[in-house]
Every structure is written in C-alpha cells, then in structure tokens.
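Residues per chain are reported as follows:
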Amino acid sequence: MAQFRLQGSRVLAVDMAGDSVKARNGSMVAYTGQMNFKKLTGGGDGLRGMVARRLTGEQMTVMEVKGQGTCYFADQATEVSLVRLNGETLYVESDNLLCTEASLHTGTSFTGLNGMASGNGLFTTKVEGSGWAALTSNGPAIILRVTQGTPLRVDPGAYVAHTGNLSRHLKSGAGWTTLIGEGGGEAMQVEFTGEGLVYVQPSEKTTFGGDV
C-alpha cells in the first residue's frame, strides 16, 4: 500500500513498492527509484468518466504513477493536507485534489447553484472508499466541524472540501445594509448543516457570489 506523508507543508511524498496512485497531471516534481507515468482519461474512470466530465463541465486531468521508490508531488507551491478515508465520501473541488490512492474511486456529484457560486460549475468531484487523499489549498487549510443544530456558513471562494453527512445550501447574506452600501461585501455564502468536517482555505477565489 502506498504511504502518504508530507515533505514540509507544500510537497506530498508517496512511498511506493509496486503500488500506484492517481495524481493531478503534471504535479510530479521529483522521484527516486523507478516510476512509470500514464495519463488517464475521464479523471481515471475510463470512457464513462470522460463522457460524464464533458457533459458536466467538471475538469480534472489525472495521471497514474506506479513504481518502486518515492515520488514527490506539488502544485503551484500551494499547501497540502492529507485526508484519510475509511469508507466515507470526500467532496472536493477538482482544482484542490492533488493525489489519491489508486483504490479510491473518483466521480462527479451535482451541486447546483452552490457550485455555480463557487465558480466551479454545477458538479464537483467526489472521492469514495478507503485510503489516503491529498488536497491543496491557498494557504494552510483549517478544518471546521459541523454538528446538528450548529450550521456553518462559508464564503464560496474559500471552500475546499467536506466529508460526513452534510447538506449544503446557497444563502444570501444581502440585507438592508448591503443594499445601502454598508454591508461587509459577503453577499453569498454556502451553509452546511448536519454532521461532518469542512475544509476551508484562507484565500478567496473570484466567484459569482463574491461579485454580487
């Protein structure tokens, strides 16, 4: 089984002994030993995945890395966080997914207006199974817990990923003070309710919600 570990805060090191991982295409920065790199179609889900991604507009170019040794991955010097899945589902923006164990299944999930507000379209990436996944964020990600009766609101541009039994809904932060120009500029938020964890980055992407 491939071993995931952080080399500093911005590089993922994966130790492999004949194992394979799926990583963002072009994210390899160095390796030792013998490695083979193969570009995968459809985000690693073959022809069916490729068709689904073209229909949904969700973009993720993936390569399979297999071999003996250690491979190092990074993406634009962004921070890397490790997530261990034990049968759960991870929902993550495709731009923030760096690498997964080959045993994990990746697919697409409908987000509707929530995805439109975050600037990533109507669909997002979901990762299912048991194993390691590595996420990237602009700055060190924080992990916020959501519990029953205590909803969490997140700026759409700061959202990275979430796990658990969570529902998300697009909420308007616009009120009378916003209309007269005295609001805080946070016109749209995504509200999470239920039980789970939300990964948030300390940097906001340009989104429809942020421009409202």
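Located above this text is the structure these notes cover.
Keep in mind it's a predicted model, so treat the numbers as computed, not measured.

(A) Geometry of the overall build of the protein. Secondary structure assignment for the protein yields 4 helices and 12 strands. Relative to its full complement of 212 residues, the protein shows a buried share of 45%. Contacts in the protein between residues far apart in sequence, at least 24 positions, make up 78% of those at least 6 positions apart. Entry remark: accessible area of the protein is about 10,300 Å², with carbon and sulfur atoms responsible for 51%.

(B) Local environment of the pattern of salt bridges. Within this structure, the stated rule accounts for 4 salt bridges. Between glutamate 79 and arginine 10 there is a salt bridge, and its shortest N-O distance comes to 3.1 Å. Pair noted here: glutamate 79 is in strand 5 (residues 79-92) and arginine 10 is in the loop between strand 1 (3-6) and strand 2 (12-24), with a separation of 69 residues, a long-range link. By relative accessible area, which is 11% here, glutamate 79 ends up buried.

(C) Looking closely at the packing of aromatic side chains. In total, this model carries 2 aromatic pairs according to the counting rule given. With centroids separated by 5.5 Å and ring planes inclined at 55 degrees, the aromatic side chains of tyrosine 31 and phenylalanine 37 adopt a geometry described as tilted. Among the residues examined, phenylalanine 37 registers a relative accessible area of 35% and is labelled partly exposed. Taking the centre distance of 5.6 Å and the plane angle of 25 degrees together, the rings of tyrosine 159 and phenylalanine 192 count as stacked. One end of the pair, tyrosine 159, is in strand 11 (residues 159-172); the other, phenylalanine 192, is in strand 12 (residues 188-200), and 33 residues separate them in sequence. What makes tyrosine 159 buried here is its relative accessible area of 3%. Given a relative accessible area of 0%, phenylalanine 192 falls into the buried group.

(D) How the structure looks around unusual backbone geometry. Of note, the phi angle at glutamine 76 is positive, near 55 degrees, even though the residue is not glycine. By the secondary structure assignment, glutamine 76 is in the loop between strand 4 (62-73) and strand 5. Under the relative-accessibility criterion, glutamine 76 is labelled exposed at 73%. The phi dihedral of alanine 77 falls on the positive side, at around 60 degrees, and the residue is not glycine. Structurally, alanine 77 is set in the loop between strand 4 and strand 5. A residue is classified by how much of its surface remains accessible, and alanine 77, at 49% relative accessible area, is partly exposed.

What counts and what doesn't
- Residues numbered from 1 in each chain as written.
- Predicted model: local features only at pLDDT ≥ 70, side-chain atom pairs only at ≥ 80, totals over all residues.
- Heavy atoms only, no water.
- Helix = DSSP H or I, 4+ residues; strand = E, 2+ residues; numbered from the N terminus.
- Buried < 20%, exposed > 50% of the residue type's maximum accessible area, 1.4 Å probe, protein only.
- Contact = heavy atoms within 4.5 Å.
- Areas by Shrake-Rupley, 256 points an atom, 1.4 Å probe, with all protein chains shown as cover.
- Salt bridge = Lys/Arg side-chain N within 4 Å of Asp/Glu carboxyl O.
- Phe/Tyr/Trp six-rings, centres within 6.5 Å; stacked < 30°, edge-to-face > 60°.

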